[in-house]
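Observations on the three-dimensional arrangement
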Amino acid sequence: FYDRLGEQVANELVEWFNQVDATYRSDLREINELNFARFGAESGRSFAEMDAKWEKRVAALDAKWDNRFAEMDAKWEKRFAQMDAKWEKRFAELEKKVDVGFAQQEAKIEHLFREQMRFLYLALAAQMALIAGLYLR
């Protein structure tokens, strides 16, 4: 608008829209106040009674939402506890598998070490026999 109409015309247009908006808002506010007063007069209640009823309704809604949030919170706590137990079980199973794997590896290493020692003693005995044979010759 500023490029097409110029700054002054665009500013006047914006100001006019703001005035129209303010007029509509004030008219709407007046209509709402009249309807509220008429509703109170028709029901035979004063504004204080209507305010008290309104506050009672708001408090009831507040309590209802608090109850729903508490239920949802309890539900989430239960789900988190279940997930926690599930993960603890899985970690325990994994730890068990890792322990079994380490035990198997230890057994293999021990077996290989025994084989190596047997070969070492056999080689040592062969060398001793050769030395004894050379010495006794």
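Residues numbered from 1 in each chain as written. Predicted model: local features only at pLDDT ≥ 70, side-chain atom pairs only at ≥ 80, totals over all residues. Heavy atoms only, no water.

Quick look at the overall build of the protein chain now. For the protein chain, the helix and strand inventory stands at 3 helices and 0 strands. The helix and strand sequence of the protein chain, counted from the amino end, reads α-α-α. Whereas a compact globule of 137 residues would reach a radius of gyration of roughly 14 Å, the protein chain reaches 46 Å, over 25% beyond that. Taken along its principal axes, the extent of the C-alpha atoms in the protein chain is 135 × 55 × 15 Å. Of all 137 residues assigned to the protein chain, the portion counted as buried reaches 2%. Summing over all exposed atoms, the protein chain offers an accessible surface of approximately 13,300 Å²; the carbon and sulfur share of this is 61%. For the protein chain, the distance from the average position of its 22 positive side-chain charges to the average position of its 25 negative side-chain charges is 14 Å. (Helix = DSSP H or I, 4+ residues; strand = E, 2+ residues; numbered from the N terminus. Rg over C-alpha atoms; globule rule 2.2 N^0.38 Å. Buried < 20%, exposed > 50% of the residue type's maximum accessible area, 1.4 Å probe, protein only. Areas by Shrake-Rupley, 256 points an atom, 1.4 Å probe, with all protein chains shown as cover. Lys, Arg positive; Asp, Glu negative; His and termini not counted. Charge placed at Lys NZ, Arg CZ, Asp CG, Glu CD.)

Our focus in this paragraph is the pattern of salt bridges. Pairing of side chains with opposite charge becomes possible as their charged atoms draw close. In total, this model carries 3 salt bridges according to the counting rule given. Measuring nitrogen to oxygen at the nearest pair gives 3.3 Å for the salt bridge that ties Arg114 to Glu110. Of this pair, Arg114 and Glu110 both sit in helix 3 (residues 47-136), 4 residues apart, which is roughly one turn of that helix. Among the salt bridges present, the one from Glu115 reaches Arg118, with a minimum N-O distance of 3.4 Å. One end of the pair, Glu115, and the other, Arg118, are both in helix 3, 3 residues apart, so they sit about a helical turn from each other. When its relative accessible area of 33% is taken as the criterion, Glu115 is described as partly exposed. (Salt bridge = Lys/Arg side-chain N within 4 Å of Asp/Glu carboxyl O.)

Next up on the list: the packing of aromatic side chains. For any pair of aromatic rings, geometry is given as the distance between the ring centres together with the angle between the planes. In total, this model carries 4 aromatic pairs according to the counting rule given. A centroid spacing of 6.0 Å and a plane angle of 35° characterise the contact between Trp65 and Phe69, whose relative ring orientation is tilted. Of this pair, Trp65 and Phe69 both sit in helix 3, 4 residues apart, which is roughly one turn of that helix. Ring geometry for Trp76 versus Phe80: centroids 5.9 Å apart, planes at 35°, classification tilted. Of this pair, Trp76 and Phe80 both sit in helix 3, 4 residues apart, which is roughly one turn of that helix. Among the residues examined, Trp76 registers a relative accessible area of 42% and is labelled partly exposed. (Phe/Tyr/Trp six-rings, centres within 6.5 Å; stacked < 30°, edge-to-face > 60°.)

In short, shape yes, function no, at least from these values alone.
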